[in-house]
Structures are given as C-alpha cells and as structure tokens.
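Structural overview
Take a look at the letters that make up each chain.
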Amino acid sequence: MNPSKIAISLNLEHSYADQLADFFASVSPAPAPKPSLLQFNKTLACELGLDQQELTPEVLSHVFSGNELPRDAQPIAQVYAGHQFGNFVPQLGDGRALLLGELIDQQGNRRDIALKGSGRTPFSRGGDGKAAVGPVLREYLIGEAMHALGIPTTRALAAVATGERVMRERPLPGAVLTRVAASHVRVGTFQYFAARRQVEHLRKLADYVIQRHYPKASESENPYLALLQGVADRQAALVARWMLVGFIHGVMNTDNMAISGETIDYGPCAFMESYHPETVFSSIDHAGRYAYINQPSVALWNLARFAETLLPLLSEEDSDDTLAEATAVLETFMPAFQRHWYIGAKAKLGLANPNEPESVSDSEHELVDDWLGLLTTNEVDYTLAWRQLAEAADGTVSKLAPLFREHDQLNAWLERWRRLHNGIPASQIASAIRAANPLYIPRNHLVEEALAAASENADLAPFESLLEVVQQPFDEKPECTRYAMPAPTEFTTEYQTFCGT
Ligand code: AMP
Ligand code: MG
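Residues numbered from 1 in each chain as written. Chains lettered and ligands numbered in written order. Predicted model: local features only at pLDDT ≥ 70, side-chain atom pairs only at ≥ 80, totals over all residues. Heavy atoms only, no water.

We now examine the domain arrangement of the protein chain. As assigned here, the protein chain comprises domain 1 (4-184), domain 2 (221-336) and domain 3 (349-501). Computed over C-alpha atoms, the centres of domain 1 and domain 3 are 33 Å apart. On the side of domain 3, 22 residues touch domain 1, which itself brings 17 residues to the contact. Summing both partners gives a buried area of about 1,700 Å² for domain 1 against domain 3, and 70% of it is carried by carbon and sulfur. The largest contributions to the domain 1 side of the interface with domain 3 come from Arg138, Leu141 and Leu149, which together make up 33% of the buried area. Here domain 1 and domain 3 share one salt bridge between them. Taking the shortest distance from any N to any O, the salt bridge between glutamate 448 and arginine 138 comes out at 3.4 Å. Viewed at the interface, domain 3 and domain 1 are joined by two residue pairs in polar contact (both at pLDDT 80 or more). Those elements that place two or more of their residues in the side of domain 1 that touches domain 3 are strand 3 (36-40) and helix 4 (133-148). If you tally residues by element for the side of domain 1 that touches domain 3, the top one is helix 4, at 10 residues. (Domains from an automatic or database assignment. Contact = heavy atoms within 4.5 Å. Buried area = accessible area lost by both parts, 1.4 Å probe. Salt bridge = Lys/Arg side-chain N within 4 Å of Asp/Glu carboxyl O. Polar contact = N/O pair within 3.5 Å; in protein donor to acceptor, adjacent residues only side chain to side chain. Helix = DSSP H or I, 4+ residues; strand = E, 2+ residues; numbered from the N terminus.)

One can describe the packing of helix 12 (residues 382-394) onto helix 13 (residues 407-419) by two numbers: an axis separation of 12 Å at closest approach and a directional angle of 70°. The angle between helix 12 and helix 13 falls in the class roughly perpendicular. Where helix 12 abuts helix 13, its residues Leu389, Ala392 and Ala393 lie against Trp413, Leu414, Trp417 and Arg418. In the contact of helix 12 with helix 13, the residues fall into six nonpolar, no polar and one charged. (Axes fitted to C-alpha atoms, helices over the stretch in contact; angles between N-to-C directions. Parallel < 35°, antiparallel > 145°, perpendicular 65-115°, else oblique. Nonpolar A, V, L, I, M, F, W, Y, C, P; charged D, E, K, R; others polar.)

See the structure below:
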C-alpha cells in the first residue's frame, strides 16, 4: 500500500536520486497503525527552515512515521556494501531506512531527511525493516548530546512510536526515527561499486561527493586524491574529538563511516566512565576491535578501504605511482589525529594559547600522557577528572582529589601542570577548563533508565530531563548533580550495548 501524500511540502530536493540513477531502489514506507509523536526537535526544525505552523503533533506523527508523505518526498533506499568487523559484505544497503529527500537549511547547507525503521526494502536481507522505541530514542539522545559537545554528527528531527510491536528477543514497541545528515554516503557506498568494478559509477559518486562535501577538491590537480585527503582529515579530527570526550562508537564498520565526516549510526555506542583505554561495551565486539583506544587505527583501516575504491579513478592505469600517492595520503592520518588529540587535550587542561592555537610543546605532550597514565592507574572517571581540574585551577582539590587513590602522584602532576600555566590567571584557566570539558554526558545508567521508562511505561519524562541536561553539557546546574555522577561500578562492569537491530 502506498502512503497517501499530504498537502505539506518540506521543500525537498533530490540531488542524489536525480544524479545517481543506479544507486538506490524506490520504496514506500510501511504504514504505521497508530502513530504517536514521541519527540520533535524544534530547534533543529528552525535550523532547517520548516514551517512549524502547519506541523501539528498529528501531522508530525503521520509524516515522520512514513504514514503520509509530504507531497515532495521521493522515498529511496540507498545501496551500499561494507566491511563488518573486517569481513566484506558485497551488498548491504538501507535495510530499514528511506531517504525522503534533501533540503537546504537556513545556512545554505544541503541536508538529507531520512526515516529509519520505516519497513522493509530490497536490502533488508532477513530483517524486518523496523526499529524499536529504545534504540530510536537512544540514537536521538546521543546524537543530540554529541551535537551539543560540538562534534559533527547526524541529528534527530523526530521520533514517532508506530503503535506496532516489533519482535526482538521479546516484543517491543516500534518507532521511526527521522534522521538529518549532511549526506548518507558512506565508505561502503564506494565499496559497492568498486567490488563490481563499475568505474564510471565510482566516478559519478566521487564527483557527487566532491561537489556536495569537498568542493575545493575540484580545483586540485587530482580531485580524487584531494577527496581522499579531505575525508582522511575530517576523520582524523572527528575521531580525536570522540576520544577527547570518551566516546566509543562501537561499530566502526565501513558502512558506518560517513564521507561527510559526521558521526553516523548510533547503535552500540557509549561513553566511557572510568578511564580504561581497552573499554568495549558492545555485546558483539568480542575481540575488542572497536575498543576506545583502537578507534584511530580502525578509522585508518577504513580509510585504506576507501582509498582502494578510488585507485581506478586516481590514474588511468594501475601504477606504483598511484599507489604511492594514495599511501602518502593515508600516512598523514595518524600524525593528523595525534595533532588534533594533543591540541584538544591541551585545551582541556586549560592551557590553549589563542596566539598559537596549534602549538603543543614537548612538556605539554608529556603532561597529557602522564595525566592519562594517572587516570588509568587510579581508574578515575574520565569526564569528572578533566572537569574537576577547573576547581584545582581555582586552588582547591576537594572535588578532584577524592577521585584518585594515589594522592602523591596527583599532587606531583598538579605541580607540573601549574608550572605550565605561564602566568595565565587561575580564573582564566578555570573558565577555559569549564568551557572545554563537559560536566554532563549521557551516562550509560541514566540512558538505560530513560529508555526503559519510555519503552516499558511510555513515560518520556526521564528521557526529556536527560535530553535537556545533555543539551547543555558545560553549564553546571545545582539541581542536576545526579546527572554528573558516575554509575555504580557494578553497573559499568556488567554494562553491554546492542546493535539495536
Ligand atoms: P547497522 O548495524 O545498523 O549499521 O546495520 C547494518 C545493516 O543491517 C544495514 O544494511 C541495515 O540497513 C541492516 N539492518 C539493520 N537492522 C535491520 C532491520 N531490522 N531490518 C532490516 N535491515 C536491517
Ligand atoms: Mg549502519
């Protein structure tokens, strides 16, 4: 049954469908028996220039469950391939997502509007094409938290309960997420055509993403090499920013790496609590492939797969020179990641120098490394440790010291840190720390509590309170102490996340 179209227009355009004819299947969303709006992102709707007058909750629940499409929607499921945990799957694709179209936001940027959980597509394989309330709200919450932390990410525009049960280990209430993304082109999109040796398709795709995401690359002598460099640079910055806030993506398969440089696909992701570089939460990541500390090397591995897809475009024939050029680009990744990491860590220590924002001295490098060493041996909460340095700058360690067991080590480190303040007033250091280090992250026990209330009791109050807190992660609020506290250790040692399928 095709969904009816309603008189609403979202001013959608269709550059992907228009320019990349063989890259998708046209599919209608499945009807939702009894849609009800769980959450709508008004701030994002403003950014997108949506006319909120006509978007009543009733209309929103129909439009963003896929029940009734805006008259300018043209729903498509995009095809892609991907390496999942290192194994190549030649065909994946949107098995439960549909791109409705793109709109140009208030800043002139083209953004994809897509439904996730809207039913089966030709790429669903064995899946039901559906999503459950819990994982939908999880993606909503964590994406918005990442955005508030200043990290490039897809966003959530709406979450709608479908009124239908979806079968997982047990029946769960179903929902559809409306996802907004710079685009949904992934490393896996390139891999799909590379695996089929469809070089002209690859060229079209590369030209499309250059135009959409890396327009400067088109001015370069070799635009495809410049594209590779651009993607590598954005991933280096992105992964550094994840790690600076303790974020673990959890499923960095090549189909979950966006060419735009946004964080995409919040499945088994989680924030680290006490600092441990090998932390893994995903129930299926037995080998720790996507552990916290492995994220830069996995990103590089994924980029190498991306580079392979571009080889036929980099020169007419396979040549050693082409390979050497691509390799040279990949070799810039780790140094770039390190640079972003140390610049970010220096800022988190309150030591950023606005006159030389890129410079990190040897003693600052050592200070950062030794800080992490201290956090590891003392098993300190990663978020609080950085944040409470603000108090230490102000001269009291009453909040910082209780986080540590080895006080002599901490004091010796603090002494070295103070020596590097270089005459910057303490108050300035303290406010720099508060601006660079969140107090509130979506802590796993709070996320689970909020999702359980929403999913099991249709009670959205805990979700909304948590969302509000993580949307202003840097501003301390006396009434929100609970949201800043780590989970009980027993919770974290047992904690596992799931892919949300
Ligand atoms: P993910 O782990 O969410 O990145 O998904 C990997 C692949 O499985 C993608 O091609 C998804 O579209 C597909 N997939 C995940 N869940 C479902 C589902 N419930 N029904 C159909 N396809 C799914
Ligand atoms: Mg995915």
